[in-house]
Amino acid sequence: MMTEKEVLSSVSGMSRSSLKICISQSWVTPAQATEGAMFDELDVARLRLIAELRRDMGVNDDAVPIILSLIDQLNAAQRRLRALDRAIGQDPDRRRSLADWLKSVTVQD
Amino acid sequence: MSVKTKTPYETLGVSPKASDSEIKKAYKALAKKLHPDLNPGNTGNEERFKEISAAFNFLKDKEQRRRYDAGEIDASGQEKPEHAYYRQYSSGPQGHRYENSAGYEDLNDIFAQAFGQGAGGARGANIRMRGGDLRFHLKIGFRDAVKGAKQRVTTPDSGTLDITIPAGIRDGQTLRLAGRGQPGLNGGPPGDALVEISVASDSLFMRDGNDILLELPISIDEAVLGGNVTVPTFDGSVKLKIPVGSSSGRKMRLKGRGVKPAREKAGDQIVTLRIVLPKTPDERLKSAMKTLRTSGGYDPRADWKGNAT
């Protein structure tokens, strides 16, 4: 867990005012502690991504939440696919029969 | 055989005469296309992204660029240190905190049932949405972790949240208070409050799972002759019988005096004996030891493995 001060020194391109925006807009949701906000690795990596979007890619503050939301949706979709993949398992016969079945029921859009 | 390495200009696809703003523009265009977090499924892009970042970071330094153009330095060694991308964490077990499953309403019932994942905190869509989770970090004392406690934390909206810490909680554990997060939208259920607990260390006791470890100083006569010593535990003090002839390091087990979590087997308190001499041995102790030595003493290394070498 990192404090606000530690975050500012470890994420390049993240100023105090930028961090304030990130928190007030709920782009990151650090844990609340009596000492103030506490950031875990996931929060810090997300702040680094936000800093790169804004500084290196010229993304403005209106677009940041749109991009974050799309990334979050993509991550959720990928997690679900991975879970599905694990659930199907490695048995080649089962994978093949599942593929055949999908092919037979898939309606071409 | 040497492979001709690309110049930073070639990497960014600009001419060596390009202006600073042209270089920046080229970098931005490539970064948008190649940033690993924008391409979570495509690992090939990561290498390319590193190259263009290195090239851009090299050229944006005016003095460095001038010296490179003049042939004074080469473009090597300018690669940025390995940097952890968001996706490395977002694909981990904690990663789903920010995830958003909007658009999977038709499959969510299956996923929720099959993989135990909730409907997720979809944002921005005009549907029934579960409120977001609120996270808290709470530092508690060692005793509170062993015995359990009630704590109150202040929420961001200046409300309060009463937290019951169960006996036996461990450092790093997270408590979930169902329904105490942000309110839902359009009739959706509220989110949860997640309280991550860190446990302070204690100057006297240590913990190993549900066992409590304590080091007990004893005198040399207690070690030789045995004796009864009062030992603190988290359920008050108890009398511990030191057996005759106890060496330093001997472990004594106080059954059931460890951590007692509600649904687990209670741990023990394990007391490690440590023989402590007075800071300056007095004459009586010295003469008693002299008598022992002149009468032949004893060999503590009789069965010692160190004798073999």
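First, a word on what this report is: a plain description of the structure on this page. (Residues numbered from 1 in each chain as written. Chains lettered and ligands numbered in written order. Predicted model: local features only at pLDDT ≥ 70, side-chain atom pairs only at ≥ 80, totals over all residues.)

Comments concerning the overall build of chain B
Of the regular secondary structure elements, chain B holds 9 helices and 11 strands. When burial is assessed residue by residue, chain B has 22% of its 309 residues classed as buried. Sequence-distant contacts in chain B: of pairs separated by 6 or more residues, those separated by 24 or more amount to 48%. (Helix = DSSP H or I, 4+ residues; strand = E, 2+ residues; numbered from the N terminus. Buried ≥ 20, exposed ≤ 12 C-beta atoms within 10 Å, placed from the backbone. Contact = placed C-beta atoms within 7 Å.)

Focus on the overall build of chain A
In terms of regular secondary structure, chain A is built from 5 helices and 3 strands. Reading the secondary structure of chain A in the N-to-C direction produces β-α-α-β-β-α-α-α. A fraction of 53% describes how many contacts in chain A between residues 6 or more apart in sequence connect residues 24 or more apart.

A short note on helix α5 (residues 92-105) of chain A
Look at α5 of chain A: 20 Å from first C-alpha to last across 14 residues, which is about the 20 Å you get at 1.5 Å a residue. The element α5 of chain A is largely exposed, with a buried count of 0 among its 14 residues. (Expected span 1.5 Å × (residues − 1).)

Observations concerning the nonpolar core
Core analysis: the biggest nonpolar cluster contains 17 residues, and Val7, Val44 and Leu47 of chain A have the highest contact counts within it. Tallying contributions element by element places helix α3 (residues 41-55) of chain A first for this core, with 6 residues. (Core = buried A, V, L, I, M, F, W, Y, C linked by C-beta atoms within 7 Å.)

Here we look at the sheet that holds strand β10 (residues 251-254) of chain B
All names here are of chain B. As summarised here, the arrangement of the 4 strands in space is β6-β7-β11-β10, forming an open sheet in which the pairing is mixed. Among the strands making up the open sheet, the edge pair consists of β6 (205-208) and β10. Taking each pair of neighbouring strands and ignoring which way they run, the sheet shows an average axis angle of 30°. As judged from the 7 bridges shared by strand β7 (residues 211-218) and strand β11 (residues 269-275), these two strands associate in the parallel manner. Bridge assignment links leucine 214 to a residue of β11, and that residue is valine 271. (Pairing = 2+ DSSP bridges. Axes fitted to C-alpha atoms, helices over the stretch in contact; angles between N-to-C directions.)

Focus on the environment of histidine 137 of chain B
Its place among the elements puts histidine 137 of chain B in strand β1 (residues 134-140). Its 23 C-beta neighbours within 10 Å are what place histidine 137 of chain B among the buried residues. Each C-alpha atom, one on histidine 137 of chain B and one on glycine 172 of chain B, is 9.6 Å from the other, the two residues being 35 residues apart in sequence. Once residues within four sequence positions are removed from consideration, histidine 137 of chain B is found in contact with Met1, Ala31, Gln32, Ala33 and Met38 of chain A together with Glu196 of chain B.

Observations concerning the packing of helix α2 (residues 20-34) of chain B against helix α3 (residues 44-59) of chain B
All names here are of chain B. In the contact formed by α2 and α3, the axes pass within 10 Å of each other and the chain directions differ by 160°. In terms of axis orientation, α2 runs roughly antiparallel to α3. Of the two possible hands of crossing, α2 and α3 adopt the one that is left-handed. Contact residues: Ile23, Tyr27, Leu30, Ala31 and Leu34 in α2; Asn45, Arg48, Phe49, Ile52, Phe56 and Leu59 in α3. (Parallel < 35°, antiparallel > 145°, perpendicular 65-115°, else oblique. Left-handed = near helix turned anticlockwise from the far one by under 90°.)

Quick word on the pairing of strand β8 (residues 227-231) of chain B
Residues and elements named next belong to chain B. When β8 meets strand β9 (residues 238-242), the two strands line up antiparallel, connected through 5 bridges. Its bridge partner lying in β9, asparagine 228 is registered against lysine 241. Between the antiparallel neighbours β8 and β9 lie 6 residues, among them glycine 236 with a positive phi of about 95°.

Remarks on unusual backbone geometry
Notably, serine 26 of chain A is not glycine yet its phi reads approximately 60°, a positive angle. Mapped onto the elements of the fold, serine 26 of chain A is located in the loop between α2 (16-24) and β2 (31-33).

A short note on the pairing of strand β3 (residues 36-39) of chain A
All names here are of chain A. As defined by bridge partners, strand β1 (residues 2-3) adjoins β3 across 2 bridges and the pair is classed as antiparallel. What sits directly across from threonine 3, in β3, is methionine 38. Bridging between β2 and β3 involves 3 bridges; their strand directions are antiparallel. Paired with alanine 33 across the two strands is glycine 36, which belongs to β3. Connecting β2 to the next strand, β3, in antiparallel fashion are 2 residues.

So, the environment of aspartate 235 of chain B
The topology assignment puts aspartate 235 of chain B in the loop between β8 and β9. Considered as a pair, aspartate 235 of chain B and glycine 258 of chain B are 23 residues apart in the sequence and their alpha carbons are 8.9 Å apart.

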